[in-house]
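# Secondary and tertiary structure notes
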Amino acid sequence: MNSSAVPPGLVPWGVVLVGAAFAFASSIVPHFESAHRLLALPFGVSVALYGLYGVVAALVPQSLADRLGLRILGLHVVMGVLLRASVDPRLVEGWLALVPALLIAYMLADVYLRRGQEPTSAARGGGPS
């Protein structure tokens, strides 16, 4: 992906919006007494994942933020779909909360290990003057 062809901040905004929508969609389960029920724990942890990503994306270089966001969103969608399709519905709440929690740990570890590898926009001369 050529990061110079994409306006700055577009990919992180897209990741946060699509991630929040997926968090809501994956946290809705059918319920026998009412039509559907929102699982609060998976929804809250998933929204926290994308909220934290939004903060991290503002602090790291654009290329790192774009790659990290697309990786996190892809892993979250794949794992969410696989879990909803394969896990016993009584256990799905815990597993759906565990996936974003592990992705938060992955994101923070990835940013920590990659710190200092890419120059910031100000060091490249692209920052504010």
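The rules behind these values
- Residues numbered from 1 in each chain as written.
- Predicted model: local features only at pLDDT ≥ 70, side-chain atom pairs only at ≥ 80, totals over all residues.
- Heavy atoms only, no water.
- Helix = DSSP H or I, 4+ residues; strand = E, 2+ residues; numbered from the N terminus.
- Buried < 20%, exposed > 50% of the residue type's maximum accessible area, 1.4 Å probe, protein only.
- Contact = heavy atoms within 4.5 Å.
- Areas by Shrake-Rupley, 256 points an atom, 1.4 Å probe, with all protein chains shown as cover.
- Axes fitted to C-alpha atoms, helices over the stretch in contact; angles between N-to-C directions.
- Parallel < 35°, antiparallel > 145°, perpendicular 65-115°, else oblique.
- Nonpolar A, V, L, I, M, F, W, Y, C, P; charged D, E, K, R; others polar.
- Left-handed = near helix turned anticlockwise from the far one by under 90°.
- Salt bridge = Lys/Arg side-chain N within 4 Å of Asp/Glu carboxyl O.
- pLDDT = per-residue confidence, 0-100.

Per the secondary structure count, the chain includes five helices and two strands. Each helix and strand of the chain, placed in order from N terminus to C terminus, yields the pattern α-β-β-α-α-α-α. Scored against the burial criterion, the 129 residues of the chain give a buried share of 33%. At a minimum sequence separation of 6, the contacts of the chain that also span at least 24 residues come to 68%. Of the accessible surface of the chain, which amounts to about 7,800 Å², a share of 70% is contributed by carbon and sulfur atoms.

Running from N to C, helix α1 (residues 10-27) and helix α2 (residues 40-59) cross one another at 175°; their axes reach a closest spacing of 9 Å. The angle between α1 and α2 places the two elements in the roughly antiparallel class. Facing Pro12, Val15, Val16, Gly19, Ala20, Ala23, Phe24 and Ser27 of α1, the residues of α2 in contact are Pro42, Phe43, Ser46, Val47, Tyr50, Tyr53, Gly54 and Ala57. Class assignment of the residues belonging to the contact of α1 with α2 gives a composition of twelve nonpolar, four polar and no charged.

Direction vectors running N to C along α2 and helix α4 (residues 92-114) enclose 15°, while the axes themselves pass 8 Å from each other. With respect to α4, the element α2 is oriented roughly parallel. Seen along the crossing, α2 lies across α4 with a hand that is left-handed. Listed contacts from α4 to Leu41, Pro42, Val45, Ser46, Ala48, Leu49, Leu52, Tyr53 and Val56 of α2 are Glu93, Leu96, Ala97, Pro100, Ala101, Leu103, Ile104, Met107, Leu108 and Val111. Of the residues assigned to the contact of α2 with α4, the class counts are 17 nonpolar, one polar and one charged.

All chains considered together, the criterion is met by two salt bridges. Close ionic contact of Arg71 with Asp110 constitutes a salt bridge, the shortest N to O distance being 3.2 Å. A residue pair is termed long-range when its members are at least 10 positions apart, and Arg71 in helix α3 (residues 62-86) and Asp110 in helix α4 qualify at 39 residues. Here Asp110 makes a salt bridge to Arg114, at a shortest N to O gap of 2.7 Å. Of this pair, Asp110 and Arg114 both sit in helix α4, four residues apart, which is roughly one turn of the helix.

This part takes up the confidence of the model for the chain. For residues with low pLDDT, the predicted coordinates do not support detailed interpretation. Put simply, the chain has an average pLDDT of 84, and 86% of its residues get 70 or more. Note on residues 121-129: pLDDT is under 50 here. Beyond four places in sequence and across chains, it has four contacts.

Looking now at the environment of Leu98. Turning to its location among the elements, Leu98 is positioned in helix α4. Along the backbone, Leu98 and Ser46 are 52 residues apart, and their C-alpha atoms lie at a distance of 9.5 Å.

Below, the discussion takes up the side chain of Ser27. Within the fold, Ser27 resides in helix α1. Setting aside its immediate chain neighbours within four residues, Ser27 contacts Arg37, Leu38, Leu39, Pro42, Phe43 and Arg84.

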